[in-house]
Amino acid sequence: FVSICSEKLGYLRQIWGPVGLRVDGFFSNVSTTSGGMHPGVDVGICTIEKANNMLNRMLEDGVAKDLGLVVVDELHLVGDSSRGYMLEMILLKLRLLQQAGRLASDFQIVGMSATLPNVQAVASWLGAQLYQTTFRPTALDYFVKIGGHVTDPHGAEVRTLPPAPREDKEHCAMLAWDVMKHGQSVLMFCATKDWCQQAACQVAAALPALAHGDRGGEFQHMSCPLHADYEETKAKRIRTLEALRLSPGGLCPVLARTVPQGVAYHHAGLTTEERNIVEEGYRMGSILMLCATSTLAAGVNLPAKRVILRSLKAGNSSLDAGRFRQMAGRAGRAGFDSKGECLVMARKVELETVRHLVFSDLSPLRSWLTGHQLARALLEVVALKLVGKVSEVMSLFHASTLRSKTEAAGTDGETLSEELESCLQILYTNGFIHALDPKAIGVKTPSATSATNTQRGTAVTQSQLGQQQPIVTSSADVVGDGPPRTPPRAMAIDDTLHSTPLGDALVFSSLDPVSGQEVFSDLKRGLCGLRLDTDLHLVFLVAPVHSGIDPDWNHFAKLHSTMDEVSRQVAHLVGVNEGFLFQASCKAPAMARGNPNEPMKVRMERDREILVHKRFWVALILTELLGEVPLAKVAAKYAVSRGQLQSLQTIAATFCGMVIQFCDRLKWWGLSAVLGSLQPRLSFGVAAELVPLVQLDSVHPAKARHLYDDGFTTLEALAASTERRIEESLLRLRALESYRPDAAATKQKNSVIRADARRILQEARAAWDQQVQAGFDQAATRAAMQAPAAVDSSDEEGSPGMP
């Protein structure tokens, strides 16, 4: 989704920049501002998570009326199981603001989607006018390949394929070559990342024989030496390879084999730089085929003449009609093709499934605002003063949810009203909100046992929040204002609701209550004893609670046994246990499944222990990256892809910013300052002295270290240099490689390095000019504030007390 935002940012700047509109990005590390929408920004492009944070900041700052239009692209993501709740929460808050008259009178929400089911219910939820069209800029034809035959979705044969050669048993290369030989592009969607790489290698290996064996295409295809554009295409592909060599992860061996044939793979295992280079090669026509996972269908705009689906799976899951049509919809390039083709590779028994995917209605959109996500939404609307009473929660909030329009059972079969009551009581019981003016009705009073457990920081049950993780203790414990509060009473329908300091800290740091508990308990331990002689302890405190990276428990146990003494002490301080690691290495699958018959308290304690160890594993990875260990080495050591590592850095830097905000709200200034110095290092994986250099788009960590060691120790030094000096430095960096290019490759390598040096110099000078201008602006501001007020001379003469 970051790549979509980046693409849209560049496009809208190009369109609106010349007419004086300022377009800014709020995603990943792109934002040029430190929080909400800057007053000088006309258009903000943001991810869902950044949009929610910005809306909260604008409400806190009282500038929500500055919003005139909110455009939600890919509105069907409301039904996404992992992020849909966040998008619904944003739209819910906007609806509440509209109803309260706290937005501009002409404020609009515009939602767009090509695959939105139950659209009438969604329009009713948003109070929107509905516009529907079946128009496509290019027609789309569907085909099915079964064995050696190509049919239409109804089973009528369209084409018989020749016998498959040994190197192309599934006809993948042949089906791609049909299109590639005319200089047109192909997207092949594969179920897994490994399949993508295997398919790319298979097709690239088979293409030369197809190119020379096809009499009709022998002199037409640009990959053939006799083609007029052969030399130009070869040069472009060499440039692509050289650009990949200059990227942070270096040149992937698979791409080294496939790119010369115009084939590449594309998935989350590649770094951002690698994906950008591959995408650019595809747009420029030097790469004609991409083998990708289904996430590309929801990503940047990379259309193709032909889309090939190699299976009816995405990962371990079967494709649904929505995802299938997102993938098929990439076929057909507006302005280039009269029609696109989607070809599905299937077995005979799957023909009916393919027909269902092509012709059936999309599954109705469902709301994921349930369980702890619903509790988070409630906490936010209370903290932002969008609802002020229990009665408003049960009426206004209830009516503003998508779920109220498509009522379905939530956690443990509860209705929305019942679940709202449960979530309110949980927020109140755990000290996130206050409820004033008691009249005990409706919502059950917590038992003495649960109240005592809350005071001790014990978890709320899974049935209450749909999660096994514990929730934060009371706000009295957090801010240190005395002993835990008395057991909470029941809430009444006319109670007034207010957020506590802890609730505010969670909302304005964008932490959910579950993650907040983990962060809070770790930070509080850190306040009592923090090891600053290593990065490891600080990194653990900001290690994302949900990173998506699971440990190799056997390797983890071995690493722990060989750690240096300081690292072992940190491990002990944060709760890493050698005995637990030994048990985990012996029975990791059983631990992941858990025992459904064990008591809830035992299960939650085990889950908490697993989470601590997972976060420490992530902290070990991040600490190595901060030590400037190359991505490839860290990836090999911890068995994760380069792309995963880079994504982890971005997530960790974002999470670090959230933890800093959390500390600021709780007035833990010292800890906030220490973590503040860590955040930019986490973003790039460098030591502190390299931070100014790596903030340039064209300088990755390894390049920054080389430039720094070569005398460019500051941004000023880099900006004051010349293109030739920087080029010579980069040439010395490349001279250390074992790779020895031929004459043609050397020419392209030098061209790529020269262009890289030019970009670095331009970026350094622009960044330095901004710093200098900012310094002048600050000096002028200080001078204006310190200058004595001008006094009129006539006033001086008539002023009492003056001689």
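For clarity, every value in this text was computed on a predicted model and none was experimentally measured.

Summary statistics for the protein give a mean pLDDT of 83 and a share of 84% for residues scoring 70 or more. In the predicted structure, residues 215-228 sits below a pLDDT of 50 and forms 26 contacts with residues beyond four places in sequence or in another chain. Of the regions scoring below 50 in pLDDT, residues 791-803 engages in two contacts with residues more than four places distant in sequence or in other chains.

Phi angles above zero are rare outside glycine, and Glu74 is one such case at about 55°. By the secondary structure assignment, Glu74 is in the loop between β3 (69-72) and α3 (84-100). Of the residues examined, Glu74 reaches a relative accessible area of 23% and is grouped as partly exposed. Phi angles above zero are rare outside glycine, and Glu628 is one such case at about 65°.

So, on to the pairing of strand β15 (residues 433-436). Of the two faces of β15, the one holding Ile433 and Ala435 is buried and the one holding His434 and Leu436 is not buried anywhere. Of the strand pairs in this sheet, β15 and strand β16 (residues 496-499) are connected by four bridges, and their pairing is antiparallel. Bridge pairing in β16 links His434 to His498.

So, about the packing of α3 against helix α12 (residues 372-383). At their nearest, the axes of α3 and α12 sit 11 Å apart, and the two run at 30° to each other. It follows from the interaxial angle that α3 and α12 lie roughly parallel. Crossing handedness for the pair α3 and α12: right-handed. Residue-level contacts link Tyr85, Met86, Met89, Leu92, Lys93 and Leu96 of α3 to Gln373, Arg376, Ala377, Glu380 and Val381 of α12. Looking at the contact of α3 with α12 residue by residue, the class counts come to seven nonpolar, one polar and three charged.

Below, the discussion takes up the nonpolar core. Leu91, Leu94, Phe397, Leu523, Phe616 and Phe662 are the most contacted members of the largest nonpolar core, which has 120 residues in total. No other element matches helix α25 (residues 600-626), which puts 12 residues into this core. Leaving out residues up to four positions away in the same chain, Leu523 has contacts with Leu541, Val659, Phe662, Cys663, Trp668, Leu671 and Leu675. With 71 residues, the next largest nonpolar core counts Leu187, Leu210, Ile287 and Cys342 among its residues.

One can find Ser585 in helix α23 (residues 578-586). You can call Ser585 buried: its relative accessible area is 18%. In this structure the side chain of Ser585 is engaged in a polar contact, spanning 2.7 Å, whose partner is the backbone oxygen of Phe582. Setting aside anything within four residues of it in sequence, one finds Ser585 in contact with Trp553, Asn554 and Ala557.

Scanning the model with the defined rule gives eight aromatic pairs in all. Aromatic pair Tyr142 and Phe324: ring centres 6.0 Å apart, planes at 20°, arrangement stacked. Here Tyr142, found in strand β5 (residues 139-146), pairs with Phe324, found in helix α10 (residues 321-328); they are 182 residues apart in sequence, far enough to count as distant. For the pair Tyr142 and Phe324, one class covers both residues: buried. The interplanar angle of 20° and the centroid separation of 6.0 Å between the aromatic rings of Trp553 and Phe556 together place this pair among those described as stacked. Note that Trp553 and Phe556 are positioned in helix α21 (residues 553-561) at a spacing of three residues, about one turn of the helix. On the basis of relative accessible area, Phe556 is assigned to the buried category, the value being 0%.

With that out of the way, let us pick up the pairing of strand β2 (residues 43-46). Here β2 shows a clear split, with Val43 and Ile45 buried on one side and none of Gly44 and Cys46 buried on the other. Judged from the four bridges that link them, strand β1 (residues 23-26) and β2 form a sheet pairing that is parallel. Considered in β2, the bridge of Asp24 is made with Gly44.

Before going further, it helps to examine helix α19 (residues 513-528). Helix length check: α19 (16 residues) gives 23 Å between terminal C-alpha atoms against 22 Å at 1.5 Å per residue, within 8%. Of all 16 residues in α19, 12 are buried, a share of seventy percent or more. Within the span of α19, buried status applies to Pro513, Val514, Ser515, Gly516, Gln517, Glu518, Val519, Phe520, Ser521, Asp522, Leu523 and Gly526. The N-terminus of α19 is capped by Asp512, whose side-chain oxygen sits 3.0 Å from the backbone nitrogen of Val514.

The subject of this paragraph is a nonpolar patch on the surface. Together, Tyr11, Ile15, Trp16, Val19 and Leu21 make up an exposed nonpolar region whose accessible area comes to about 470 Å². Along the chain, the position of Tyr11 falls in helix α1 (residues 2-16). The class of Tyr11 is partly exposed, set by a relative accessible area of 47%.

As a further point, take the pattern of salt bridges. Overall, the coordinates contain 38 salt bridges when judged by the stated rule. The partner of Arg22 in a salt bridge is Asp24, and the shortest N-O contact between them spans 3.6 Å. Note on Arg22: relative accessible area 34%, which makes it partly exposed. For Asp24, a relative accessible area of 1% puts it in the buried group. When the shortest N-O distance is used, the salt bridge between Arg306 and Glu341 registers 2.8 Å.

Either a parallel or an antiparallel arrangement is found when strands of a sheet pair, and the pairing is made through backbone hydrogen bonds. Read from one edge to the other, the open sheet built from eight strands follows the order β7-β6-β5-β14-β11-β8-β10-β9, with strand pairing classed as mixed. This sheet does not close on itself; its edge strands, each paired only once, are β7 (157-160) and β9 (263-266). Within the sheet, the average angular offset between the axes of one strand and its neighbour, ignoring direction, is 20°. With four bridges connecting them, β9 and strand β10 (residues 289-292) associate as parallel partners. Paired with Ala264 across the two strands is Leu290, which belongs to β10. Running at roughly 135° to β9, helix α9 (residues 272-284) makes contact with β8 (186-189), β9 and β10 of the sheet. The strands touched by α10 are β5, β8, β11 (306-309) and β14 (339-345); relative to β11, the strand with the most contacts, the crossing angle is about 145°.

Rules used throughout
Residues numbered from 1 in each chain as written. Predicted model: local features only at pLDDT ≥ 70, side-chain atom pairs only at ≥ 80, totals over all residues. Heavy atoms only, no water. pLDDT = per-residue confidence, 0-100. Contact = heavy atoms within 4.5 Å. Helix = DSSP H or I, 4+ residues; strand = E, 2+ residues; numbered from the N terminus. Buried < 20%, exposed > 50% of the residue type's maximum accessible area, 1.4 Å probe, protein only. Pairing = 2+ DSSP bridges. Axes fitted to C-alpha atoms, helices over the stretch in contact; angles between N-to-C directions. Parallel < 35°, antiparallel > 145°, perpendicular 65-115°, else oblique. Left-handed = near helix turned anticlockwise from the far one by under 90°. Nonpolar A, V, L, I, M, F, W, Y, C, P; charged D, E, K, R; others polar. Core = buried A, V, L, I, M, F, W, Y, C linked by side-chain atoms within 4.5 Å. Polar contact = N/O pair within 3.5 Å; in protein donor to acceptor, adjacent residues only side chain to side chain. Phe/Tyr/Trp six-rings, centres within 6.5 Å; stacked < 30°, edge-to-face > 60°. Expected span 1.5 Å × (residues − 1). Patch = residues over 30% accessible without salt bridge, like charges linked within 9 Å, V, L, I, M, F, W, Y side chains within 5 Å. Areas by Shrake-Rupley, 256 points an atom, 1.4 Å probe, with all protein chains shown as cover. Salt bridge = Lys/Arg side-chain N within 4 Å of Asp/Glu carboxyl O.

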